There are 2 protein chains.
Amino acid sequence: MRKKARETNGQSVVMRLRQAGLRPTRQRNELADLLFRDGNRHLTAETLHAEAVNRGIRVSLATVYNTLHQFTHAGLLRQVMVDATRSYFDTNTVEHHHYYYEDDGMLADIPGTDIDVGNVPDAPEGTKVSRVDVVVRLKRS
Amino acid sequence: MRKKARETNGQSVVMRLRQAGLRPTRQRNELADLLFRDGNRHLTAETLHAEAVNRGIRVSLATVYNTLHQFTHAGLLRQVMVDATRSYFDTNTVEHHHYYYEDDGMLADIPGTDIDVGNVPDAPEGTKVSRVDVVVRLKRS
DNA sequence: AGCTAGTTTAGAACAGTTCTAAATATCTTG
DNA sequence: CAAGATATTTAGAACTGTTCTAAACTAGCT
C-alpha cells in the first residue's frame, strides 16, 4: 500500500504551491497532507494545529495561520464566515453551501442537489460578485 | 414638531423591552432612539458607541454590548456574521439578505425583489432551520 | 559549500468582546 | 415618597482568536 501522493484536482499540491510562489516546505507539505487527506473538511486554525501536534508534526500556530491564508490565496482553501469568534477554512473550493449547527458551532456542507439562489439583482455599479454564500443555520429542535 | 415616540412594528420599544423583562433605562432608551431612528441600519458595537458618545449620550461600551445582545434576544435586532473580526447588528429583523463590500467592510441590504433560495433540503434529523443567510460578497471591479 | 531569499518560530502585541464586582438606577411596597 | 430589593451600568481587567516582529532556520540556487 503506497503512500498517496499529495494532490488536489489531479494537480499536485506542490505544483500549485510552486505556481503561487510558495516553497513546498516540510510544514506546508505536512499540513497539506492533513488538510486534503480525506474529503471535505471544515476546520479552524486551532483545530488544525491541535491535530498536527497530535500526530507529531512539529509546527507552530503562527505557521498554521500563515499556511491557511497562503493556501486560501492559492485557491486551495476557502474561508467561511459563520461565527463571530472563529474563522473556518473549507477544503472544498467548489461553489457549495453550508449548514451551521448553532448549538455546537459545527459547520457542514449541505449535501445532495444544489441549492438554487435565484433572482439576485445585478451587482451595484463598480462592483462585481466575488461569491454568494448561503448558510442555513440550524438549531436543535 | 413633536418628538417621535420610540417604536418598532407599531409597538413601542419600551413595551417590547418590558415584555422581555428589560427595564427601559435611560441608556437603553437612548440607544433605541439611535438604532431605530432612521430605517435599516447595520452597525457594530463600536460604531454605535462612537455615535452615542458623539451625540453626548453618556453610555459605556460595555453597556452598548449588553444592550445590543439584549435587543437581539428580544427580537429587535439581528446579528449578521460576515466579517471574522467584527459583529454587525441589523435593525431590520425581517427575512432579507445582504451585500457585503469586501473592500471596505460595509454591509447593506440587497434592495428590490426578494432573492429566491430554492431546493434547500430538509433540515437534518433533530434540527430545525433557525434561519437562512444569503450574503452576496462584492468586490470593486 | 556558501549565498540569498523565503520561511518558521516564540512570544509580544493587538482588536474585539466578555467578565467582574462595586456603584447606581429603577421598581416595588408600605 | 422613603426604604428595600433587584436590575443595570460602569471602568477596567481579563480573555480569545489572530497578527506582528525580528531572530533563527531552510530551500534552492551557483
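Below, the structure is looked at part by part. A quick note: this is a predicted structure, and the numbers were derived from the prediction, not measured.

## Section: the relation of the copies chain B and chain A
- Take chain B, turn it by 180 degrees, move it 0.0 Å along the axis, and it overlays chain A with an RMSD of 0.1 Å. Both chain copies can therefore be described as sitting about a two-fold axis.
- A shared interface surface links the copies, since 100% of the contact residues of chain B are contact residues in chain A too.

## Here's the deal with the pairing of strand β6 (residues 98-101) of chain B
All names here are of chain B.
- Bridge count for β6 against strand β7 (residues 106-109) is four bridges, and the pairing is antiparallel. Note that in β7 the partner of Y101 across the bridge is M106.
- Counting the residues between successive antiparallel strands, the hairpin from β6 to β7 contains four residues, one of them, G105, with a positive phi of roughly 65 degrees.
- Sheet analysis places β6 next to strand β9 (residues 127-140), joined by four bridges and oriented parallel. When the sheet's bridge partners are listed, H98 is paired in β9 with V135.

## Concerning the sheet that holds strand β5 (residues 88-90) of chain B
Residues and elements named next belong to chain B.
- The sheet built from three strands is open, its strands ordered β3-β5-β4 with antiparallel pairing. Bordering the open sheet on either side are β3 (42-43) and β4 (78-80), each of which pairs with just one other strand.
- Pairing of β4 with β5, which is carried by three bridges, proceeds in the antiparallel orientation. The residue bridging V80 from the neighbouring strand is Y88, located in β5.

## Let's talk about the pattern of salt bridges
- Within this structure, the stated rule accounts for 16 salt bridges over all chains.
- Residue D133(A) is joined to R137(B) by a salt bridge in which the shortest nitrogen-to-oxygen separation is 3.1 Å. Within this pair, whereas D133(A) is found in strand β9 (residues 127-140), its partner R137(B) is found in strand β9, the two belonging to separate chains. Here D133(A) matches R137(B) in class, with each residue buried.
- We note a salt bridge from R131(B) to D133(B), for which the minimum N-O separation is 2.8 Å. Residue R131(B) shares its accessibility class with D133(B), and that shared class is buried.
- Residues joined in a network through salt bridges with shared partners are R78(A), R131(A), D133(A), E102(B) and R137(B).

## A word on the interface of chain B and chain A
- The interface is formed by 38 residues belonging to chain B together with 38 residues belonging to chain A.
- Roughly 3,200 Å² of surface becomes buried between chain B and chain A when both sides are summed, with 56% attributable to carbon and sulfur atoms.
- Counting every contact that joins chain B to chain A gives two salt bridges.
- Counting across the chain B and chain A interface gives 16 residue pairs in polar contact (both at pLDDT 80 or more).
- Those elements giving two or more residues to the side of chain B that touches chain A turn out to be β6, β8 (116-118) and β9 of chain B.
- The element that contributes the greatest number of residues to the side of chain B that touches chain A is β9(B), accounting for 14 residues.
- Of the residues that constitute the side of chain B that touches chain A, the class distribution is 19 nonpolar, eight polar and eleven charged.
- With 13 bridges joining them, β9(A) and β9(B) adopt antiparallel strand pairing. If you follow L138(A) over to β9(B), its bridge partner there is V129(B).

Reading guide: rules and limits
Within every chain, residues take consecutive numbers counted from 1 along the sequence as written. As they are written, the chains are lettered A onward and the ligands numbered 1 onward, keeping that order. Local features in this predicted model are restricted to residues whose pLDDT is 70 or higher, and side-chain atom pairs enter the listing and the counts only when it is 80 or higher, whereas totals over whole chains, interfaces and linings include all residues. Side-chain numbers here rest on the full set of heavy atoms in the structure, without hydrogens or water. For this overlay, a least-squares fit was computed on C-alpha atoms, restricted to residues scoring pLDDT of at least 70 in both copies. When checking whether two residues touch, look at their non-hydrogen atoms; a contact exists if any pair is within 4.5 Å. A pair of strands is labelled paired if DSSP reports no fewer than 2 bridges between them. Helix and strand assignments come from DSSP, with helices taken as H or I runs of at least 4 residues and strands as E runs of at least 2, each series counted from the N terminus. Each reported salt bridge corresponds to a side-chain nitrogen of Lys or Arg within 4 Å of a carboxyl oxygen of Asp or Glu. Burial classes follow relative accessibility: with a 1.4 Å probe on protein chains only, a residue under 20% of its type's maximum area counts as buried, one over 50% as exposed, and anything between as partly exposed. Buried area adds together the accessible area that both of two parts lose upon being put together, with accessible area traced by a 1.4 Å probe. We define a polar contact as two N or O atoms separated by no more than 3.5 Å, with the added condition that, inside protein, one atom must be a possible hydrogen donor and the other a possible acceptor, whereas residues neighbouring each other in sequence contribute only through side-chain atom pairs. The residue classification treats Ala, Val, Leu, Ile, Met, Phe, Trp, Tyr, Cys and Pro as nonpolar and Asp, Glu, Lys and Arg as charged. All others, Gly included, are polar.

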